[in-house]
Amino acid sequence: MTTQLDRERGQDPRRAGSPEAVSGRGRGWAPAEHAARPPGVRARRSGAITSRRHGLRYVAVMALLGGLSLFFTLGILGYGNPMPFGSSGYWLIAQMRIKTLLIIGVVAFCQAMATVAFQTATNNRIITPSIMGFESLYIAIQTGAVFFFGIAGVTMLTGLPQFLMQAAAMVLFATILYSWLLSGKFSNIHIMLLVGVVIGGGLGSLSTFMQRVLTPSEFDVLTARLFGNIGNGRAEYLPYAIPIALLAGGVLWWRARRLNVVALGRNTADNLGVNHKREVMFILLLVSVLMAMSTSLVGPMTFLGFLVATLAYQFADTYSHRMLFPMAMLIGYTVLAGAFFIMRHVFYAEGAVTLIIELLGGIVFLIVLMRKGRL
Amino acid sequence: MISLTEVTKNYGSKGSADSVQIGPMTVEIAAGGITALVGPNGAGKSTILTMIGRLLGVDSGRIEVAGHDVVNSPSKTIAKILSILRQENHFVTRLTVRQLVGFGRFPHSKGRLTAEDERHISEAIDFLDLAELENRYLDQLSGGQRQRAYVAMVLAQNTDYVLLDEPLNNLDMQHAVQMMQQLRRAADELGRTVLIVLHDINFAAHYSDQILAMKDGVVAEHGPPEQIMRDAVLSRVFNTEVTVIDGPHGPLAVYY
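What counts and how
- By convention here, each chain's residues receive numbers from 1 onward along its written sequence.
- Each chain takes a letter, starting from A, and each ligand takes a number, starting from 1, following the order in which they are written.
- Local features in this predicted model are restricted to residues of pLDDT 70 or higher, and side-chain atom pairs are both shown and tallied only at a pLDDT of 80 or more, whereas totals for entire chains, interfaces and linings draw on every residue.
- Note that water and hydrogens are dropped before the side-chain values are worked out from all heavy atoms of the structure.
- Every helix listed is a DSSP run of H or I at least four residues long, and every strand listed is a run of E at least two residues long, numbered separately from the N terminus.
- Accessible area is worked out with a 1.4 Å probe on protein chains only. A residue is then buried under 20% of its type maximum, exposed over 50%, and partly exposed in between.
- Contacts between residues were defined by any pair of non-hydrogen atoms, one from each residue, lying within 4.5 Å.
- A pair of strands is considered paired only if DSSP assigns at least 2 bridges between the two.
- Here an axis means a line fitted to C-alpha atoms, over the contact stretch when the element is a helix, while the angle between two N-to-C directions is reported on a 0 to 180 degree scale.
- Here a Phe, Tyr or Trp ring, Trp counted by its six-membered ring, pairs with any other such ring whose centre lies within 6.5 Å, and the pair is stacked when the planes are under 30 degrees apart, edge-to-face when over 60, and tilted otherwise.
- In this scheme, the term charge over a ring applies when either NZ of a lysine or CZ of an arginine sits within 6 Å of the ring centre and within 35 degrees of the ring normal.
- A 3.5 Å cut-off defines polar contacts: any pair of N or O atoms within that distance qualifies, except that in protein one atom must be a possible hydrogen donor and the other a possible acceptor, and neighbouring residues in sequence count only when both atoms are side-chain atoms.
- The patches described consist of residues with a relative accessible area above 30% and no salt bridge, like charges being joined within 9 Å and nonpolar side chains (Val, Leu, Ile, Met, Phe, Trp, Tyr) within 5 Å.
- A 1.4 Å probe and the Shrake-Rupley method give the accessible areas. Residues count as covered only by the protein chains that appear here.
- Each reported salt bridge corresponds to a side-chain nitrogen of Lys or Arg within 4 Å of a carboxyl oxygen of Asp or Glu.
- The predictor attaches a confidence to each residue, and that confidence, scored 0 to 100, is pLDDT.
- Accessible surface is computed with a 1.4 Å probe, and the buried area is the amount of it that two parts give up when combined, taken over both parts together.
- Side-chain classes follow a simple rule in which Ala, Val, Leu, Ile, Met, Phe, Trp, Tyr, Cys and Pro form the nonpolar group, Asp, Glu, Lys and Arg form the charged group, and the remainder, Gly included, forms the polar group.

Undergrad: Lay out the environment of Gly-53 of chain B in plain terms, naming residues and giving numbers.
TA: Residues and elements named next belong to chain B. Structurally, Gly-53 can be placed in the loop between helix H1 (45-52) and strand S4 (60-65). A relative accessible area of 0% places Gly-53 in the buried class. Beyond its immediate stretch of four places on either side in the chain, Gly-53 contacts Leu-82, Ile-84 and Leu-163.

Encoded structure:
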């Protein structure tokens, strides 16, 4: 790519101050076109897209992902419907499947936005909100309910007030953890991550301990809750989860340009007039809302966010969050819908969607990483 | 003008044996030209610089840059008055030189680059001779080129005051001299006030207008290079036997 750029540069008069040197409208990330510029000459411009090839590749990947997600969407809706096409039974079944697709959409949206934003805020590309004790907390709440109240405990955790309570507990947990760690004398993101991992591990051990003393039938019921379960996701929460997720995601989108600066780290962000600490706290609050929505709907999805964010960085190859977010979401939707479709119609095991994500996703992730050699 | 009044910063718990105090420091740094901050390790040079650049909070005292209270003014206001570059810069994001320099315009355009911003970016890039490299990614550059790109970013920010923390670190002779010449031009041609932490007293003496020598957290000497470049002064500041001789381009400190 560099050599190609060099070649193009050779023909470029590029003098500062000449009309060609100034791009007319820098939209930040849209390539500014010059109708009058002679062929083969690049205007000097800044933006999230570095070259024509880069832009084309982004569009091509988005189109491919769009096609794939459309394919899986139609597949999930129409494939293997036992009723004859057009009958009222057919449409009834299709309607039930739409709920599944909505859950997939919300989970992909939440996990993608939350993980990318979290990694931007913490300035790392390895640790995800899942690792920071989020899902351990969910598991501990669920296990605790069964441990203390038996199988009745599971039903105690269903219902709108319980959904909101559980989401609020997770957001509260995250906010207390973050504000304690970020405001006190620690003021260090690495210590926060370490404490998060330790708390996550501690909650995990607590859950494992409680699970050991459950009766087999209780344990069976609990296991069904703890697998990331798309097919049996709690669709009744959708009317509340969708607007909350859209609101949190919308705020992140609206602040995307600040996120670009936050990604440069504390010193650079502060130098550019962005209050890094305040901004990071706010991002992490939104992240915890998104994660609470996703986890309450389908349970833990440990690997999905990491996979989606990493692939989005690789394919988009840009700093711009307005380009990263849509790509991460589409990747998330494609992966989830594809995994659900395959598990349902090939292996008849739609409950265990996370299995295929972790297996295939892990392999894809390793291949991409080996080829590019960087995160 | 940068003015510090009774500025202090404490490291470690107060009163304990290993606590270190920087300051109280009261000094006025005139606008225009290059002022070099020199002194032995641990004298508090970087601490003072980062406090002026509001990246580090002050424990007590007052810092004003061009009449603005750095500590209490909104960060985005200060970002149009002073820019600061620290020593270690590592970005998780992959950026081209031009994208990085473009971020320097954030205080003015909030990320929506206008034609005016693009002009500033191009000028900053040309000023540091980076035009050939502007579409390269930072990880494809040598250490010296990368350092120039960082400096181009703070110049594109177009602030009257530019604060640099040891920008010559890890640069070889050629690139260190080039960097100082470019900063000299930034002061002379663009009228920027440059405050710079330097380790090499000879670089400071040759390229700066004022030298602020620090020792044990307080100002040891402050004045033009000819006032600082004396055997007794340098030996006292640096705790080392220093002899100043007449070089072909001015006084030279010899200390080995």
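Undergrad: How would you summarise the sheet that holds strand S3 (residues 33-38) of chain B if you had to cite specific residues and measurements?
TA: Residue and element names in this part refer to chain B. Here we have 6 strands laid out as an open sheet, ordered S6-S7-S8-S3-S9-S10, and mixed in their pairing. The strands lining the two open edges of the sheet, one partner per strand, are strand S6 (82-85) and strand S10 (218-223). Taking the axes of each pair of neighbouring strands and ignoring which way they run, one obtains an average angle of 15° across the sheet. For S6 and strand S7 (residues 161-165), the ladder comprises 4 bridges, and the chain directions are parallel. Pairing of Ile-84 across the sheet is with Leu-163, part of S7. Lying on the sheet, helix H6 (residues 143-156) is in contact with S6 and S7; it crosses S6 at an angle near 165°.

Undergrad: With reference to specific residues and values, describe the packing of aromatic side chains.
TA: For the coordinates displayed, the defined rule picks out 11 aromatic pairs over all chains. Seen from their ring centres, Phe-71 of chain A and Phe-72 of chain A are 5.5 Å apart, and the 65° between their planes marks the pair as edge-to-face. Feature note: the residues Phe-71, Phe-72, Tyr-79 and Phe-341 of chain A constitute an aromatic cluster, connected by ring pairs. Positioned above the aromatic ring of Tyr-137 of chain B is the side chain of Arg-94 of chain B, whose terminal nitrogen or guanidinium carbon lies 3.8 Å from the ring centre.

Undergrad: Which residues make up the side chain of Arg-97 of chain A, and what values go with them?
TA: Residues and elements named next belong to chain A. Among the secondary structure elements, Arg-97 is positioned in helix H3 (residues 88-122). Of the polar contacts made by the side chain of Arg-97, one reaches the backbone oxygen of Leu-77; its length is 3.2 Å. The contact partners of Arg-97, leaving out residues within four places of it in the chain, are Ile-76, Leu-77, Gly-78, Tyr-79, Gly-80, Asn-81 and Arg-344.

Undergrad: Give me the lowdown on a nonpolar patch on the surface, citing residues and values where you can.
TA: On the surface, Phe-147, Phe-148, Phe-149, Met-156 and Val-213 of chain A cluster together into a nonpolar patch covering about 520 Å² of accessible area. Residue position: Met-156 of chain A is located in helix H5 (residues 152-156).

Undergrad: Give me the confidence of the model for chain B: which residues, what numbers.
TA: Taken as a whole, chain B shows an average pLDDT of 91; of its residues, 98% reach a score of 70 or greater. Listed scores for the predicted complex are pTM 0.85 and ipTM 0.91.

Undergrad: I'd like a description of the sheet that holds strand S2 (residues 20-29) of chain B, backed by residues and values.
TA: All names here are of chain B. Taken in spatial order, the 4 strands of this open sheet run S2-S1-S4-S5, and their pairing is antiparallel. Each end of this open sheet is capped by a strand with a single partner; those strands are S2 and strand S5 (68-69). H1 rests against strand S1 (2-11), S2 and S4 of the sheet, and its axis sits at about 120° to S1.

Undergrad: I'd like to hear about the interface of chain A and chain B, residue by residue, with values.
TA: With 43 residues of chain A at the interface, the matching set in chain B holds 44 residues. Interface of chain A and chain B: buried area, both sides summed, is about 3,700 Å²; carbon and sulfur atoms make up 50% of it. Our enumeration of links across chain A and chain B arrives at 1 salt bridge. Measuring nitrogen to oxygen at the nearest pair gives 3.0 Å for the salt bridge that ties Arg-94 of chain B to Asp-317 of chain A. At the junction of chain A with chain B, the criterion picks out 9 residue pairs in polar contact (both at pLDDT 80 or more). Those elements that place two or more of their residues in the side of chain A that touches chain B are helix H1 (2-10), helix H10 (256-262) and helix H11 (266-271) of chain A. Here the side of chain A that touches chain B takes 5 residues from H11 of chain A, the largest share from any one element.

Undergrad: Which residues make up the confidence of the model for chain A, and what values go with them?
TA: Residues and elements named next belong to chain A. For chain A, mean pLDDT is 79; residues scoring 70 or higher make up 83% of the total. Taking the mean pLDDT of every element in chain A, the minimum, 41, falls on H1 and the maximum, 94, on H10. pLDDT under 50 marks residues 1-41. Its contacts with residues more than four places away, or in other chains, come to 68 contacts.

Undergrad: Can you break down the pairing of S4 of chain B residue by residue, with the values?
TA: Residue and element names in this part refer to chain B. As paired strands, S1 and S4 are joined by 5 bridges and run antiparallel to one another. If you follow Ile-2 over to S4, its bridge partner there is Val-65. Pairing of S4 with S5 involves 2 bridges; the strand directions are antiparallel. Pairing of Glu-64 across the sheet is with Asp-69, part of S5. A loop of 2 residues connects S4 with S5, the two strands running antiparallel in sequence, and Ala-66 in this loop sits at a positive phi of about 50°.

Undergrad: Outline the packing of helix H9 (residues 238-254) of chain A against helix H14 (residues 321-345) of chain A, listing residues and values.
TA: Residue and element names in this part refer to chain A. Where H9 contacts H14, the axes come no closer than 10 Å and their chain directions differ by 150°. For the pair H9 and H14, the contacting residues are Leu-252, Trp-253 and Trp-254 in the first and His-321, Arg-322, Phe-325 and Pro-326 in the second. Grouping the amino acids of the contact of H9 with H14 by side-chain chemistry returns 5 nonpolar, 1 polar and 1 charged.

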